[in-house]
Amino acid sequence: MTTLWLTILAVALANAAIKASGPVLVGGKELPPRASAVISLLAPALLAALVVTETFGEDGTLVLDEKALGVGVAAVALLLRAPVLVAVFLAAFTAALVRAFG
Amino acid sequence: MLNARFGPMGAAIGPYLKGGPLRRALEGQTVLDASWALASRGGGRFDREFMIGATVPQVVAWLGGTAVGVLGGDFVGDPERLGLDAIFPAFFLVLLMEELRGGRSAITVALIAAVLALLLVPHAPPGVPVIAACAAALLGLRRAS
């Protein structure tokens, strides 16, 4: 039990240090244009990676399941300019529906 | 490992936080995936107040929700049955679509990042695929030069 809590504490401290490092190192300086060009592309890169790993990744393997179907439906809804909440709801609803009757 | 992604995220938002090193370090703690992405104003700009404002209610709901889940989780049953696991990727997808309006280089970078992450999932520990996919943003070097 103590080992578990020590591990949790260590991970929490490491996490805080990681989160602090970026803002402290970069500081308030204006970044050179090359650096800010890279940084402005970090958001689409991170988000794209989060989408695919959350959708298809499961314990270190790639899976194509009801969740992926739900996310696919949300993508179509967004392309058809559906409101955000509708698209997110459709993702969960589709996954639940296919799991119930599939 | 999973949380190493907060490194590049913090570097991206760094120029928009206020105060000395200690204050920046504290404000950096409010970087969460969803708040960070929502505070992104495109073109690498970030809205500091918006991110902190988005994080505070999330932390309250997160801690409260965890407590409820630990104490009463048995009542809900399997969250997958309700399709709740599809909500996170769908939400990230919403934010990604916003970013992709930034132009062709954003789309190219997103595609490369997605392919990199997919290729790495079976071979790397959790968290590594997302970090490695950030390398796609280096394409910005070519554009700027």
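These numbers were taken from a predicted model, which means no experiment stands behind them.

Draft legend 1. Quick look at the overall build of chain B. A count of helical and extended segments in chain B gives 8 helices and 0 strands. Across chain B, every contact between residues at least 6 apart in sequence was considered, and the portion connecting residues at least 24 apart equals 46%.

Draft legend 2. The packing of helix α5 (residues 87-100) of chain B against helix α6 (residues 104-120) of chain B, seen in detail. Residues and elements named next belong to chain B. Running from N to C, α5 and α6 cross one another at 140 degrees; their axes reach a closest spacing of 8 Å. Relative to α6, the element α5 is oriented oblique. Contacts between α5 and α6 pair Leu96, Glu99 and Leu100 from the former with Ala106, Ile107 and Ala110 from the latter. By residue class, the composition of the contact of α5 with α6 is 5 nonpolar, no polar and 1 charged.

Draft legend 3. Up close: the nonpolar core. By size, the foremost hydrophobic cluster in this structure holds 55 residues, and its most contacted members are Ala45, Ala48, Ala49, Ala74 and Ala91 of chain A together with Ala90 and Ala113 of chain B. Mapped by element, the contributors of at least two residues to this core are α2 (33-40), α3 (42-56), α4 (66-79) and α5 (84-101) of chain A together with α1 (6-13), α5, α6 and α7 (128-133) of chain B. Ranked by the residues each element gives to this core, the list is headed by α3 of chain A, at 11 residues. Viewed by domain, this core spans two of them, domain 1 (1-55) and domain 2 (64-102) of chain A, each represented by three or more residues. If we skip the residues at most four places from it in the chain, Ala48 of chain A touches Leu96, Ala110, Ala113, Ala114 and Ala133 of chain B.

Draft legend 4. The arrangement of the environment of Ala91 of chain A in detail. If you trace the backbone, Ala91 of chain A turns up in helix α5. It is 5.1 Å that separates the C-alpha atoms of Ala91 of chain A and Val71 of chain A, two residues lying 20 residues apart in sequence. Setting aside residues up to four positions removed in sequence, Ala91 of chain A forms contacts with Gly70, Val71, Val73 and Ala74 of chain A together with Ala86, Ile87 and Ala90 of chain B.

Draft legend 5. Local environment of the packing of α3 of chain A against α5 of chain B. With their axes 9 Å apart at the nearest point, α3 of chain A and α5 of chain B run at an angle of 155 degrees to one another. What the angle tells us is that α3 of chain A and α5 of chain B run roughly antiparallel. Note that α3 of chain A runs across α5 of chain B; the crossing there is left-handed. Packed against α3 of chain A, whose contacting residues are Ala43, Pro44, Leu47, Ala48, Leu50, Val51, Glu54 and Thr55 of chain A, the element α5 of chain B presents Phe88, Pro89, Phe92, Leu93, Leu95, Leu96, Glu99 and Leu100 of chain B at the interface. Tallied by class, residues from the contact of α3 of chain A with α5 of chain B come to 13 nonpolar, 1 polar and 2 charged.

Draft legend 6. Summary view of α6 of chain B. Its 17 residues give α6 of chain B an end-to-end C-alpha distance of 24 Å, which sits within 8% of 24 Å, the value for a rise of 1.5 Å per residue. Here α6 of chain B has its buried residues at Ala106, Val109, Ala110, Ile112, Ala113, Ala114, Leu116 and Ala117 of chain B.

Draft legend 7. Up close: the confidence of the model for chain B. Residues and elements named next belong to chain B. Across chain B, pLDDT averages 74, with 50% of residues at or above 70. Taken element by element, chain B is modelled with least confidence in helix α2 (residues 21-28), mean pLDDT 62, and with most confidence in α6, mean pLDDT 93. As scored by the predictor, the complex reaches a pTM of 0.72 and an ipTM of 0.77.

Draft legend 8. Region of the structure containing unusual backbone geometry. Residue and element names in this part refer to chain A. If you check the backbone angles, Asp59 has positive phi at about 50 degrees while not being a glycine. Examined against the element boundaries, Asp59 turns out to sit in the loop between β1 (57-58) and β2 (61-62). Positive phi, close to 65 degrees, is recorded for Arg81, a residue that is not glycine.

Each value, and the rule that gives it
- The written sequence of each chain sets the order in which its residues are numbered from 1.
- Numbering of ligands from 1 and lettering of chains from A proceed in the order in which they are written.
- Where totals are concerned, whole chains, interfaces and linings use all residues; where local detail is concerned, this predicted model gives features only for residues with pLDDT of at least 70, and gives and counts side-chain atom pairs only at 80 or more.
- The secondary structure listing takes helices from DSSP runs of H or I that are at least 4 residues long and strands from runs of E that are at least 2 residues long, numbered from the N terminus.
- Note on contacts: each residue gets a C-beta atom placed from the backbone, and two residues are in contact if those atoms are within 7 Å.
- Note on method: axes are straight lines fitted to C-alpha atoms, helices fitted across the in-contact stretch only, with angles between N-to-C directions ranging 0 to 180 degrees.
- An angle below 35 degrees is read as roughly parallel, one above 145 as roughly antiparallel, one from 65 to 115 as roughly perpendicular, and any other as oblique.
- Side-chain classes follow a simple rule in which Ala, Val, Leu, Ile, Met, Phe, Trp, Tyr, Cys and Pro form the nonpolar group, Asp, Glu, Lys and Arg form the charged group, and the remainder, Gly included, forms the polar group.
- Any set of buried Ala, Val, Leu, Ile, Met, Phe, Trp, Tyr and Cys residues joined through C-beta atoms within 7 Å is what this text calls a nonpolar core.
- Three exposure classes are used, all based on how many other C-beta atoms lie within 10 Å of a residue's own C-beta (placed from the backbone): buried at 20 or more, exposed at 12 or fewer, and partly exposed between those limits.
- Source of the domain bounds: an automatic or database domain assignment.
- Here a crossing is taken to be left-handed if its near helix is turned anticlockwise relative to the far helix by less than a right angle, and right-handed if that turn runs clockwise.
- One less than the residue count of a helix, multiplied by 1.5 Å, gives the span that helix is expected to have.
- The predictor's confidence in any single residue is recorded as pLDDT, a number from 0 to 100.

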